[in-house]
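For reference, the chains in residue letters:
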Amino acid sequence: MSDCLFCKIIAGDIPSDKVYEDDDVYAFRDIHPKAPTHVLVIPKQHVATLSDCDNPALLGLLMNRVRTIADDVLNLAAGYRIVINVRAGGGQEVFHLHVHILGGKKLPF
């Protein structure tokens, strides 16, 4: 989508601090981190929210990549939290499905 911030990041039109990329997902550091490690993992296919995704294979692939990025790229051996905000009432600000990986310290609940 031409007006989507994350689609523009994937296309390289907006710079980001990339930590991982493959044919299906792109991951980059959040510009307003809520933890020492705060990375967003987004599918390259535009899907507005988790509720709009009717592709279980895409969701499985996304979660698999989140695990790989957290464990193998970010080395969050002590643990991490993942968050998916859904719609404005759930805290979603950018309407492109994304998973937050938070770690680097003991996180309060």
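Residues numbered from 1 in each chain as written. Predicted model: local features only at pLDDT ≥ 70, side-chain atom pairs only at ≥ 80, totals over all residues. Heavy atoms only, no water.

Caption draft 1: Structural context of the overall build of the protein. Secondary structure assignment for the protein yields 2 helices and 5 strands. Here the C-alpha atoms of the protein give a radius of gyration of 13 Å, agreeing with the 13 Å that 2.2 N^0.38 yields for 109 residues. C-alpha atoms of the protein, sized along the principal axes, occupy 35 × 30 × 30 Å. Buried residues in the protein amount to 39% of all 109 residues. Of the contacts formed within the protein by residues at least 6 apart in sequence, a portion of 52% connects residues at least 24 apart. Surface accessibility of the protein: about 6,300 Å² in total, with carbon and sulfur atoms responsible for 53%. Averaging the coordinates of the 11 positive side-chain charges in the protein and doing the same for the 13 negative ones gives two points 8 Å apart. (Helix = DSSP H or I, 4+ residues; strand = E, 2+ residues; numbered from the N terminus. Rg over C-alpha atoms; globule rule 2.2 N^0.38 Å. Buried < 20%, exposed > 50% of the residue type's maximum accessible area, 1.4 Å probe, protein only. Contact = heavy atoms within 4.5 Å. Areas by Shrake-Rupley, 256 points an atom, 1.4 Å probe, with all protein chains shown as cover. Lys, Arg positive; Asp, Glu negative; His and termini not counted. Charge placed at Lys NZ, Arg CZ, Asp CG, Glu CD.)

Caption draft 2: Representation of the packing of aromatic side chains within the structure. Enumeration according to the criterion identifies 2 aromatic pairs in this entry. Summarising the aromatic geometry, the rings of Phe6 and Phe28 are spaced 5.5 Å apart at their centres and angled 75 degrees between planes, so their arrangement reads as edge-to-face. One end of the pair, Phe6, is in helix α1 (residues 5-11); the other, Phe28, is in strand β2 (residues 25-29), and 22 residues separate them in sequence. As far as the burial class goes, Phe6 and Phe28 line up, both buried. (Phe/Tyr/Trp six-rings, centres within 6.5 Å; stacked < 30°, edge-to-face > 60°.)

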